[in-house]
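Commentary on secondary and tertiary structure
Take a look at the letters that make up each chain.
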Amino acid sequence: MTLPRRAVLGTGLAATAAVLTGCGRSSASPATWAEPVATTSPLPANSGLAGAAQPSNAPVTSATSKASDKVTATLTKYLKPTKDNPKHPGYAGAVALLAQDGKTQLTTAVGHALRYGAGPVDLAAPQRVAMRTDSIFDLASLTKVYTAILTLQLVDQGKVALDAPVQRYLPDFTGAGKEKVTIAMLLAHTSALPVGAKVTGMANNTARWQSVMATPLVGGGVPGNTFRYSSVGLMVLGRLVEKFTGKSLDKALRDNITTPLGLKDTGFQPLKWVSNKARLVATDARTSRGLLRGTVHDDVCNILGGVAGHAGVFGTAQDVAVIGQMLLNGGTYNGKRILSSATTKKMLTNVNKGKPAIDAERPGRSADHGLGVEMNQSWFMGKLASATSFGHTGFTGTSLLVVPSRRQVIVLLTNRAHPNWSWSNPDTHRVAVHNAIASA
């Protein structure tokens, strides 16, 4: 069996045995997947990304575009088992948002933010929590986009050079061949670093981070030559951000991205700042950590304290869409400049053109990647893939897609890892939703 990227990330963790033995495990009690159908109500004519998401205690759709019916039907379809995933539903719940020309055209919530208890067990109807348009998700690897933006801000400030070796700034980035790894390679996943790092069996976080920084290159890997997805690279960049901002990564995110953009529902460690816990979306319910809701799903990030450059950010569809719109706008949003136009252009340019890609999960993928974002990847973008389309995915079932040629920002947040990440392939849902929008 080829282990998914997440299992590789968790190799060596105490929780790994629980993760692996949980593959394919059914809930303790039989489930019936009869979800309420989303309802529709029109958005105000001037509704835009700057507006607040609509709270709801039941599935709700707000839409002005003809994509509404197609997207809602697609989302609802995966609340039950399907032909391509016959044993389990694709997810317990989902939120989708479509914006065009900076205005929200569609916001839909279906299913449940909490459906299962630890075990997992299928909760009785009164114990379940309905998904809402302002539900707060574990964004998983979408965190990498935020870390990339924070890194590129350092480039704008002249503190970091993209073509400079990482060791110039972080001397503890040690190991054979690593003197050739540049900042740009970490952003483009061409550093030859592996997916994950060992962080277990160590006395404290200082030792864990030393292990991350000393992670060796993959055998035979040559920096700059080949795309290999690496969470370690973004962990290292998180440390770079901390060094040059003089702040922990969570505070750097707050001060340099979320506060300037007015994103009040985005951040690390949401149990510290979310007052209405009903808004938190559950992920796993069958690991050694039990039901996860408001606690990061990624095992490595969790062991590191919940704050790292590769995972740990939580947020709403509305807030994620603002990030996409800011990049689509050339680095600005609502009068606030986050990145220079020149740096944003570099970020959204394919820097891996013609390079090979090694990805065991997606052997047919290309290496196309900007400085922190995936580009032209049909495996999740579907028919909206193009040379200029960019975005990112997250292991928990999240994704951001920006299609400049259509002036569209699309956010799909699902809790497909609730109660068990082995139950479904999130790329199936992403492609289906993106294709529905493409054909609308």
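Residues numbered from 1 in each chain as written. Predicted model: local features only at pLDDT ≥ 70, side-chain atom pairs only at ≥ 80, totals over all residues. Heavy atoms only, no water.

1. Details of the overall build of the protein
What the protein contains, in helices and strands, is 14 helices and 18 strands. Counting all 440 residues of the protein, 60% fall into the buried class. The contacts in the protein between residues at least 6 apart in sequence include a share of 65% that link residues at least 24 apart. Carbon and sulfur atoms make up 54% of the accessible area of the protein, which totals about 16,000 Å². (Helix = DSSP H or I, 4+ residues; strand = E, 2+ residues; numbered from the N terminus. Buried < 20%, exposed > 50% of the residue type's maximum accessible area, 1.4 Å probe, protein only. Contact = heavy atoms within 4.5 Å. Areas by Shrake-Rupley, 256 points an atom, 1.4 Å probe, with all protein chains shown as cover.)

2. Side note on the sheet that holds strand 8 (residues 137-138)
The sheet built from 3 strands is open, its strands ordered 8-11-10 with antiparallel pairing. Strands at the two margins of the open sheet, each flanked by one partner only, are strand 8 and strand 10 (267-268). As paired elements, strand 8 and strand 11 (residues 313-315) share 2 bridges and run antiparallel to each other. Bridge pairing links Asp 138 to Phe 314 in strand 11. (Pairing = 2+ DSSP bridges.)

3. Remarks on the pattern of salt bridges
Summed over all chains, the structure comprises 15 salt bridges. In this structure, Arg 239 engages Glu 242 in a salt bridge whose closest nitrogen and oxygen atoms are separated by 3.3 Å. Of this pair, Arg 239 and Glu 242 both sit in helix 8 (residues 231-245), 3 residues apart, roughly one helical turn. Take Arg 239: its relative accessible area is 28%, and that puts it in the partly exposed class. In this structure, the salt-bridge partner of Arg 254 is Asp 255, at a minimum N-O distance of 2.7 Å. Classification of Arg 254 by relative accessible area gives partly exposed; the value is 41%. Beyond isolated ion pairs, a larger network of salt bridges with shared partners links Arg 132, Asp 134, Asp 265 and Arg 279. (Salt bridge = Lys/Arg side-chain N within 4 Å of Asp/Glu carboxyl O.)

4. Overview of the nonpolar core
Counting 89 residues, the largest nonpolar core has Ile 149, Ile 183, Ile 323 and Met 347 as the members making the most contacts within it. Of the residues forming this core, the biggest block, 8 residues, is contributed by helix 4 (residues 143-156). Sequence-distant contacts of Met 347, that is, excluding residues within four places in its chain, are made with Val 145, Ala 148, Ile 149, Leu 152, Leu 327, Leu 339, Gly 370, Leu 371 and Val 373. Grouped together as the second largest cluster of nonpolar side chains are 23 residues, Ala 94, Ala 96, Phe 380 and Met 381 included. (Core = buried A, V, L, I, M, F, W, Y, C linked by side-chain atoms within 4.5 Å.)

5. With respect to helix 8
Relative to the 21 Å expected for 15 residues at 1.5 Å per residue, helix 8 spans 21 Å between its end C-alpha atoms, a close match to the ideal helical length. Inspection of helix 8 places Ser 231, Val 232, Gly 233, Leu 234, Met 235, Val 236, Leu 237, Gly 238, Leu 240 and Val 241 among the buried residues, and these make up the whole buried set. You can read the cap of helix 8 off the contacts: a side-chain oxygen lies 3.3 Å from the backbone nitrogen of Val 232, and it is on Ser 230. Among the residues trailing helix 8, Gly 246 stands out with phi positive, at a value near 70 degrees. (Expected span 1.5 Å × (residues − 1). Polar contact = N/O pair within 3.5 Å; in protein donor to acceptor, adjacent residues only side chain to side chain.)

6. Observations regarding the pairing of strand 3 (residues 93-100)
Burial within strand 3 is extensive, with 7 of its 8 residues counted as buried. Looking at chain direction, strand 3 and strand 4 (residues 103-114) are connected through 8 bridges and run antiparallel. When the sheet's bridge partners are listed, Leu 97 is paired in strand 4 with Thr 107. Count of turn residues in the strand 3/strand 4 antiparallel hairpin: 2 residues, of which Asp 101 carries a positive phi of about 55 degrees. One ladder, built from 7 bridges, connects strand 3 with strand 18 (residues 408-414); its direction is antiparallel. Considered in strand 18, the bridge of Leu 98 is made with Ile 410.

7. Here we look at the packing of aromatic side chains
Summed over all chains, the structure comprises 5 aromatic pairs. When the centroid spacing of 6.3 Å and the interplanar angle of 50 degrees are considered together, the rings of Tyr 78 and Tyr 91 count as tilted. One end of the pair, Tyr 78, is in the loop between helix 3 (67-77) and strand 3; the other, Tyr 91, is in the loop between helix 3 and strand 3, and 13 residues separate them in sequence. An identical accessibility class is assigned to Tyr 78 and Tyr 91; each is buried. Sitting above the plane of the Phe 173 ring, Lys 178 keeps its charged end 4.2 Å from the centroid. Here the basic side chain of Arg 362 rests over the ring of Trp 379, its NZ or CZ set 3.8 Å away from the ring centre. (Phe/Tyr/Trp six-rings, centres within 6.5 Å; stacked < 30°, edge-to-face > 60°. Lys NZ or Arg CZ within 6 Å of the ring centre and 35° of its normal.)

8. Focus: helix 7 (residues 205-213)
All buried positions along helix 7 are accounted for by Arg 208, Trp 209, Val 212 and Met 213. The arc that holds every buried residue of helix 7, seen down its axis, measures 135 degrees, which confines them to one face. Exposed residues pointing more than 90 degrees away from the buried face of helix 7 are listed as Thr 206 and Gln 210. Contacts made by the buried residues of helix 7 are with helix 8 and helix 10 (299-303). The N-cap residue of helix 7 is Asn 204: its side-chain oxygen and the backbone nitrogen of Thr 206 are 3.2 Å apart. (Arc of directions from axis to C-beta.)

9. Description of the packing of helix 8 against helix 9 (residues 249-261)
Their axes nearest at 9 Å, the elements helix 8 and helix 9 cross at an angle of 70 degrees. It follows that helix 8 is roughly perpendicular to helix 9 by the angle criterion. Considering only the axes of helix 8 and helix 9, their crossing is left-handed. Facing helix 8, whose interface residues are Gly 238, Val 241, Glu 242 and Thr 245, helix 9 presents Leu 249, Ala 252 and Asn 256. When its residues are assigned to classes, the contact of helix 8 with helix 9 shows 3 nonpolar, 3 polar and 1 charged. (Axes fitted to C-alpha atoms, helices over the stretch in contact; angles between N-to-C directions. Parallel < 35°, antiparallel > 145°, perpendicular 65-115°, else oblique. Left-handed = near helix turned anticlockwise from the far one by under 90°. Nonpolar A, V, L, I, M, F, W, Y, C, P; charged D, E, K, R; others polar.)

10. A few points about the side chain of His 392
Positionally, His 392 belongs in strand 16 (residues 390-394). In this structure His 392 comes out as buried when scored by relative accessible area, which is 1%. Those residues in contact with His 392, other than ones at most four positions away along the chain, are Ser 141, Leu 142, Lys 144, Val 145, Tyr 229, Gly 372, Val 373, Glu 374, Phe 380, Thr 398, Ser 399 and Leu 400.

11. Some details on the packing of helix 4 against helix 8
Helix 8 packs onto helix 4 with a crossing angle of 45 degrees between their chain directions and a minimal axis gap of 9 Å. In terms of orientation, helix 4 and helix 8 fall into the oblique class. As helix 4 packs across helix 8, the resulting crossing turns out to be left-handed. Mapping the contact onto sequence places Lys 144, Thr 147, Ala 148, Leu 150, Thr 151 and Leu 154 in helix 4 and Ser 231, Leu 234, Leu 237, Gly 238, Leu 240, Val 241, Phe 244 and Thr 245 in helix 8. Taken together, the residues that form the contact of helix 4 with helix 8 break down as 8 nonpolar, 5 polar and 1 charged.

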